[in-house]
Amino acid sequence: MSFEYLYLPIGVPTFHLESAQTEFEKSLSLLKSSDESVSAPDEMLLGIDKLDAFIQDKTPDFVIVQNVTFANGAYMTEVLNKLDAPVLLWTLREPVIDGTRLRLNSLTGAYSAGNVLNSFGRPFEYVFGSADEENVKKKVKAVIAAAKAKKALNSLNIAQIGDPPQGFGFGRALDMELMNAFGTNLVCAGIDEFIDKAKSYSNDDIKEYLADAKTRINALEKIDENNVLDFARLYKAYGEFVKENNIGALSSRCWPDFFTAFGTPVCSVLGILNDLGVASACEADTFGALTMYIGAQLTGKPAFFGDPVSLDEKENTITFWHCGMAPCSLAREDTGACAGVHCNRKIGPTLEFGCKAEKEVTIFRVGKKPDGSFRFFIAKGEALDKPQQFFGTSIVVKTENPSFDIVNNSVKAGWEPHFAVAMGDIEEELKSLANMLQLEAEIY
């Protein structure tokens, strides 16, 4: 995925240009260190004619407009007329207050730009301060990451394999709603074709997949040999489908069909796909898969997917769990990802482990309100050093805010029962992405 963003340092030549030049150079240095995809002018754009000349024929994915000095609303009007991309408006701090001249007057320019943005009905991000301030560095990096994630969503093929089980309709997606809200393409398939493909493979056909699985999962030899071979057949069927259709995320129906019609669960296949960079959710929860994809895009690591199943007010923790399809890379180092049998069906292989500690995590969900509009659930915490809590895979999160309040308020707010736990603090990135997508972000 190619990504390009513009840095537009706008202003007029009647202010203190030495101060403006210093801030321009510091800002450009920060941007290049944050993401080299930046396209920037060689000099400050001190006139609408220079702004026009620079943005002519450009089609960026994201734009940073910085008032290096005051600039009136005509500058932002020109940007919005010529460019269709999310905007970060950046105001510089006045460098000197000594009772003499106003050096930059950047803040007044920001009000002019913000007024235009609102008049156009365009959502935008905003940051105040100089490039060497830590809050500015964090905000700029977060917004760039959000813009990259938005671009990735626009080129994402997400697969919905089979239908959600009865009572799990919250995960069912429609092609037009995904395209309209996220720019994402939905690919639908039935599970029968995967079962038929899997049954068609010989033992020789699956050697490569079986060998790969053995490098990721411990104790496969303890599982019935026929089930292990059938798991490798499913792994090949899903792997080939992903490659042939350029799939970046998928949701898959799992029970009861893979137990009753095939005799082997798909859980471990989904866990491996997550480690291969394909965000994969079970129970045909397509919005869960979308949630995991966004989390992985923003952290560079696969996300945990599961139900909130246990609350400990004294420890201030929430435990998330699922039957056994977490990414193998999240397993505790003392156990690794182990093979087991499904807690209810007693058929394997499923994945069995507790997740390793992670200093910063973000609990996240792309959910729906009763009116059908989308919203983001965001809560921060720390993944504790805890062993496997139940059969399957589990992660224990000590939340930043009271865990009881998070559970109480989110149940009352009608959130879906599946969440992702992303490996990193991505609250700012998610808030920025929600704003770019014109969605509500609810912080818990």
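Residues numbered from 1 in each chain as written. Predicted model: local features only at pLDDT ≥ 70, side-chain atom pairs only at ≥ 80, totals over all residues. Heavy atoms only, no water.

J.: Is there a simple way to explain the packing of helix α5 (residues 134-154) against helix α14 (residues 427-436) in this structure?
T.: Helix packing geometry: the angle between the two helix axes and the distance between the axes. Following both chains from N to C, one finds α5 and α14 inclined at 50°, their axes separated by 8 Å at the closest point. Between α5 and α14, the angle falls in the class oblique. Judged by the sense of rotation from one axis to the other, the crossing of α5 with α14 is right-handed. Facing Lys138, Lys139, Ala142, Val143, Ala145, Ala146, Ala147, Ala149 and Lys150 of α5, the residues of α14 in contact are Glu428, Glu429, Ser432, Leu433 and Met436. Taken together, the residues that form the contact of α5 with α14 break down as eight nonpolar, one polar and five charged. (Axes fitted to C-alpha atoms, helices over the stretch in contact; angles between N-to-C directions. Helix = DSSP H or I, 4+ residues; strand = E, 2+ residues; numbered from the N terminus. Parallel < 35°, antiparallel > 145°, perpendicular 65-115°, else oblique. Left-handed = near helix turned anticlockwise from the far one by under 90°. Contact = heavy atoms within 4.5 Å. Nonpolar A, V, L, I, M, F, W, Y, C, P; charged D, E, K, R; others polar.)

J.: I keep staring at the packing of helix α3 (residues 73-82) against helix α4 (residues 106-119) and nothing clicks. Help me out?
T.: Put simply, α3 and α4 touch, their axes get as near as 8 Å, and they point 40° apart. Regarding the angle of α3 to α4, the classification is oblique. Along this stretch, α3 crosses α4, giving a crossing that reads as right-handed. Residue-level inspection shows Gly73, Met76, Thr77 and Leu80 of α3 in contact with α4, the latter providing Ser112, Ala113, Val116 and Leu117. Here the contact of α3 with α4 is composed, by residue class, of five nonpolar, three polar and no charged.

J.: Whenever I open this one, a nonpolar patch on the surface confuses me. Can you help?
T.: A cluster of nonpolar side chains, Leu107, Tyr111, Tyr126 and Phe128, forms an exposed patch at the surface whose accessible area comes to about 410 Å². Only α4 and β5 (124-128) provide two or more residues apiece to the nonpolar patch. One can find Tyr111 in helix α4. (Patch = residues over 30% accessible without salt bridge, like charges linked within 9 Å, V, L, I, M, F, W, Y side chains within 5 Å. Areas by Shrake-Rupley, 256 points an atom, 1.4 Å probe, with all protein chains shown as cover. Salt bridge = Lys/Arg side-chain N within 4 Å of Asp/Glu carboxyl O.)

J.: How should I be thinking about α4 in this particular structure?
T.: Side chains of residues three or four places apart in an α-helix project in the same direction, reflecting 3.6 residues per turn. The end-to-end C-alpha distance of α4, which contains 14 residues, comes to 20 Å, matching closely the 20 Å that a straight helix rising 1.5 Å per residue would cover. In the core, the buried residues of α4 are packed alongside β3 (62-67), α3, β4 (87-91) and β5. Just beyond α4, the residue with positive phi is Gly121, at close to 70°. (Expected span 1.5 Å × (residues − 1).)

J.: Can you help me understand the environment of Lys222 in this one?
T.: Relative to the elements of secondary structure, Lys222 occurs in the loop between α8 (207-216) and α9 (225-244). Distance from Lys222 to Gln166, taken between C-alpha atoms, is 33 Å for residues 56 residues apart in sequence.

J.: Help me understand the environment of Lys301, please; the structure alone is not making it clear to me.
T.: Within the secondary structure layout, Lys301 lies in the loop between α12 (286-299) and β10 (304-312). Note: C-alpha distance between Lys301 and Cys323 (22 residues apart in sequence) is 21 Å. With near-sequence residues (within four places) excluded, Lys301 lies in contact with Gly295, Ala296, Glu358 and Met423. Polar contacts involving the side chain of Lys301 include one to the side chain of Glu358, which spans 3.3 Å. (Polar contact = N/O pair within 3.5 Å; in protein donor to acceptor, adjacent residues only side chain to side chain.)

J.: Sorry, what's going on with the pattern of salt bridges here?
T.: Once their charged atoms are close, side chains differing in charge can pair, the charge on each being opposite to the other. By the definition in use, this model includes 34 salt bridges. With a closest N to O distance of 3.9 Å, Glu382 and Lys359 form a salt bridge. In this pair, Glu382 is assigned in strand β15 (residues 374-383) and Lys359 in strand β14 (residues 358-368), connecting sequence segments 23 residues apart. For Glu382, a relative accessible area of 26% corresponds to the partly exposed category. The partner of Lys380 in a salt bridge is Glu400, and the shortest N-O contact between them spans 3.8 Å. Here Lys380, found in strand β15, pairs with Glu400, found in the loop between β16 (393-399) and α13 (403-412); they are 20 residues apart in sequence, far enough to count as distant. A residue is classified by how much of its surface remains accessible, and Glu400, at 54% relative accessible area, is exposed. (Buried < 20%, exposed > 50% of the residue type's maximum accessible area, 1.4 Å probe, protein only.)

J.: Sorry if this is basic, but what is going on with the state of the cysteines here?
T.: Taken as a whole and assessed by the stated rule, the structure comprises zero disulfides. Of all cysteine sulfurs, the one in Cys282 lies closest to Cys254, which takes part in no disulfide; the gap is 4.7 Å. In this model Cys328 remains outside any disulfide bridge; the closest cysteine sulfur is found in Cys338, 10.0 Å from its own. The class for Cys328 is buried, based on a relative accessible area of 10%. (Disulfide = S-S within 2.5 Å.)

J.: Before we go on, may I ask you to explain the sheet that holds strand β8 (residues 249-252) in this structure?
T.: Either a parallel or an antiparallel arrangement is found when strands of a sheet pair, and the pairing is made through backbone hydrogen bonds. Pairing is parallel in the open sheet, where four strands are placed in the order β7-β6-β8-β9. On the outer flanks of this sheet lie β7 (185-189) and β9 (279-281), each paired with one strand and no other. Between one strand axis and the next, the sheet turns through 15° on average, direction left out of account. Where strand β6 (residues 157-161) lies against β8, four bridges are found, and the strand directions are parallel. Among the inter-strand pairings, Gln160 is bridged to a residue of β8, identified as Ser251. Running over the sheet, helix α11 (residues 267-275) touches β8 and β9 and is turned about 160° from β9. (Pairing = 2+ DSSP bridges.)

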